[in-house]
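# Secondary and tertiary structure notes
In case you want the letters, here they are:
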Amino acid sequence: MKKIILAFCAAISASGLSMAAPQEPIYSVVEKEQKPYLTTLKDLVSIESGSRDREGLDKISQLIYNRLKALGGQVEFIEPDGSMYKMHDTPDKPGRMVKAEFKGTGTKKILLIAHMDTVYLKGMLAKQPFRVDGDRAYGLGISDDKQGIALILHTIDSLKKLKFNEYGKVTVLINGDEEISSPAARAYFSKLGAEHDVTFSCEASQVKSDRIALTTAGIAAVNLNITGKASHAGSAPELGRNALDELSFQIQQMRDLSDPKEGIKMNWTLATAGTNRNVIPSVAFATADVRVMKKEDFDVVEKQVRERAKTQQIPDAKVDVGFERRRPPLVTSPQSLQMAEYAKKVYAEIGRDLILGTVAAGGGTDAAFAALDTQNPVIESMGVQGFGAHSNDDEYILVSSITPRMYLLSRLIMDVSQGKVTGK
């Protein structure tokens, strides 16, 4: 029997899990938050808040403002201003941000971020209301990223119930334009990231892998606008300058700019041209999605695109190249890795193995903006486990992941505040 016990302990040790029990009363307090958390999530999901739905964004931001105010925060709305980074699809008036500050007795400054906007169109809620089915809670935007807002609200509520305020300041920033590459919020994220000792981004983790992310891809877009000359496609095509022909030529000569060894991906994804079937098109447009692992590679791709565009099939057509840096990459830093390894030990207290995502898997993140001007730890995917972001009809979170993730976030805030972990 003794040999069996020793073998079991060795197996647990080898798997990276700890035999330690969760700290009380922390675990009991966050466990009791699960039901209220789901109520909050229902309230959030029941407000449509697409990135271009300013009416819906105003409504949900007011709800978030009121909740943060009730928790004792100094709360304000932040409207888009002159620092906004304009892209070809940036709306005139993106959603406002909600910022709250909670002052404590200590010195450490902790930033918690999430976003309230979704990719969904207004009117879809009627057919897809919030519902719970077994271990799954469904709803539009529930994983991306309304679960993150609820997690922040109930983590702060848990800290209040624990009478814990040994941090210097906990700042909450809820973004209203994340799904359109944060044109208004990006500069503010970078500023706050540099001012805080650690940033926890509460985007969802994955159902298939209970992970936090330390690395994400950078995202850019190449926009090609071609101007030709219209003419009758039947009786006088030779008098025209076919913008669609030139666009096709440009796309073909730029189709080999991906570099898998460097993690560079460039793929043409959208194109439009012309006005009528019987008219030589005078305008054409295409956009390509670009992903990089190093921010320097933005310059590499842009230089290649601009150089290629100098070669034209129709010399007197106008070829205009635009290159948009939509999100920088988030790169694993030693400080973030140290914080993540500590988080893994905390998670093991409740018998769960936290996967440290040091390889980019999926899209970009606001956390990358927060990391731009600091070496302090920035951890992404602190939210609950979710699935089906942007899927229209299959987005859900795992109810069973709510308590573990709230325990993890609460413990990290407390331990950073008390100097038990710095990530420096």
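Structure shown above.
Attention here is on the structure that accompanies the text. Here the structure is a predicted model, which means the values were calculated and not measured. (Residues numbered from 1 in each chain as written. Predicted model: local features only at pLDDT ≥ 70, side-chain atom pairs only at ≥ 80, totals over all residues. Heavy atoms only, no water.)

## A short note on the overall build of the protein
- Scanning the protein for helices and strands turns up 11 helices and 17 strands.
- Since a compact globule built from 424 residues should have a radius of gyration of about 22 Å, the 24 Å found for the protein is in line with a globular shape.
- Referenced to the eigenvectors of the C-alpha coordinate spread, the extents of the protein come out at roughly 90 × 50 × 40 Å.
- Looking at the protein residue by residue over its 424 residues, the buried ones come to 54%.
- Taking contacts inside the protein between residues at least 6 apart in sequence as the whole, the part at least 24 apart equals 82%.
- Roughly 18,800 Å² of accessible area belongs to the protein as shown, and the carbon and sulfur atoms make up 53% of that amount.
- On the protein, the mean spot of the 54 positive side-chain charges and the mean spot of the 53 negative ones are 3 Å from each other. (Helix = DSSP H or I, 4+ residues; strand = E, 2+ residues; numbered from the N terminus. Rg over C-alpha atoms; globule rule 2.2 N^0.38 Å. Buried < 20%, exposed > 50% of the residue type's maximum accessible area, 1.4 Å probe, protein only. Contact = heavy atoms within 4.5 Å. Areas by Shrake-Rupley, 256 points an atom, 1.4 Å probe, with all protein chains shown as cover. Lys, Arg positive; Asp, Glu negative; His and termini not counted. Charge placed at Lys NZ, Arg CZ, Asp CG, Glu CD.)

## Notes on the packing of aromatic side chains
- Tallying each qualifying case throughout the model produces 6 aromatic pairs.
- Look at Tyr 27 and Tyr 407: their rings are 5.7 Å apart centre to centre, the planes differ by 70°, and that puts the pair in the edge-to-face class. One end of the pair, Tyr 27, is in helix α2 (residues 26-31); the other, Tyr 407, is in helix α11 (residues 402-417), and 380 residues separate them in sequence.
- Owing to a relative accessible area of 0%, Tyr 407 belongs among the buried residues under this scheme. (Phe/Tyr/Trp six-rings, centres within 6.5 Å; stacked < 30°, edge-to-face > 60°.)

## Here we look at the sheet that holds strand β15 (residues 378-379)
- Read from one edge of the open sheet, 6 strands run β1-β2-β6-β3-β7-β15, paired in mixed fashion. Of all strands in the sheet, those with a lone pairing partner are β1 (74-78) and β15, marking the two edges.
- Pairing of β1 with strand β2 (residues 97-103), which is carried by 5 bridges, proceeds in the antiparallel orientation. Along β2, the bridge assignment pairs Ile 78 with Met 97.
- Against the sheet, helix α5 (residues 142-161) makes contact with β2, β3 (109-115) and β6 (169-175), and its axis sits at roughly 145° relative to β3, the strand it touches most. (Pairing = 2+ DSSP bridges. Axes fitted to C-alpha atoms, helices over the stretch in contact; angles between N-to-C directions.)

## Concerning the pattern of salt bridges
- What the rule picks out here adds up to 31 salt bridges.
- Between Asp 366 and Arg 327 there is a salt bridge, with its nearest N and O atoms 2.7 Å apart. In this pair, Asp 366 is assigned in helix α10 (residues 366-371) and Arg 327 in strand β13 (residues 318-327), connecting sequence segments 39 residues apart.
- On the basis of relative accessibility, which here comes to 4%, the residue Arg 327 falls in the buried class. (Salt bridge = Lys/Arg side-chain N within 4 Å of Asp/Glu carboxyl O.)

## Quick look at the packing of helix α3 (residues 34-45) against helix α4 (residues 54-70)
- Axis separation between α3 and α4 bottoms out at 10 Å; the angle between their running directions is 150°. As judged from the angle between their axes, α3 and α4 are roughly antiparallel. Along its contact with α3, which presents Thr 40, Asp 43 and Leu 44, the element α4 presents Ile 60, Leu 63, Ile 64 and Arg 67. (Parallel < 35°, antiparallel > 145°, perpendicular 65-115°, else oblique.)

## What about the sheet that holds strand β8 (residues 205-206)?
- What the 5 strands build is an open sheet, ordered β4-β5-β17-β16-β8; its pairing is mixed. The two strands at the open ends of the sheet, each matched to only one other strand, are β4 (131-133) and β8.
- Pairing between strand β5 (residues 136-138) and strand β17 (residues 396-398): 3 bridges, direction antiparallel. Residue pairing for β17: Ala 137 is matched across the bridge by Ile 397.
- On the sheet, α5 packs against β5, β16 (385-387) and β17 and is oriented at approximately 55° with respect to β17.

## With respect to unusual backbone geometry
- For the peptide bond that leads from Glu 24 to Pro 25, omega is 5°, which places it in the cis range.
- Of note, Pro 25 is situated in the loop between α1 (2-14) and α2.
- Geometrically, the link from Asp 144 to Asp 145 is a cis peptide bond, its omega value of 15° lying close to zero.
- Within the fold, Asp 145 resides in helix α5.
- Backbone geometry at Asn 392 places phi at a positive 75°, although glycine is not the residue there.

## Examining empty space enclosed by the protein
- All chains considered together, the criterion is met by 3 cavities of 30 Å³ or more.
- Quantified by volume, the largest cavity comes out at close to 90 Å³.
- In terms of lining, the largest cavity is formed by 13 residues, of which the most central are Glu 48, Ser 49, Thr 118, Tyr 120 and Leu 140.
- Partitioning the lining of the largest cavity into residue classes produces 6 nonpolar, 3 polar and 4 charged. (1 Å grid on protein atoms, 1.4 Å probe; cavity = no way out; pocket = protein on both sides within 12 Å on 5 of 7 lines; lining within 4 Å. Points joined across faces, edges and corners; volume = space filled by probe spheres on them. Nonpolar A, V, L, I, M, F, W, Y, C, P; charged D, E, K, R; others polar.)

## Details of the side chain of Thr 171
- Along the polypeptide, Thr 171 turns up in strand β6.
- Assessed through its relative accessible area of 0%, Thr 171 is described here as buried.
- Engagement of the side chain of Thr 171 in a polar contact is seen with the side chain of His 196, the distance being 2.8 Å. (Polar contact = N/O pair within 3.5 Å; in protein donor to acceptor, adjacent residues only side chain to side chain.)

## Concerning the packing of α4 against α5
- Axis separation between α4 and α5 bottoms out at 10 Å; the angle between their running directions is 15°. Taken together, the axis directions place α4 and α5 in an arrangement best described as roughly parallel. Here the hand of the crossing between α4 and α5 comes out left-handed. Across from Ile 60, Ile 64, Arg 67 and Leu 68 in α4, the residues of α5 making contact are Lys 146, Ile 149, Leu 153 and His 154.
- Looking at the contact of α4 with α5 residue by residue, the class counts come to 5 nonpolar, 1 polar and 2 charged. (Left-handed = near helix turned anticlockwise from the far one by under 90°.)

## A word on the layout of surface pockets
- Approximately 280 Å³ is the volume attributed to the second largest pocket.
- Around the second largest pocket, the lining is made up of 15 residues, and of these Pro 329, Val 331, Ala 371, Thr 374 and Gln 375 lie nearest the centre.
- Residue classes in the lining of the second largest pocket are distributed as 7 nonpolar, 6 polar and 2 charged.

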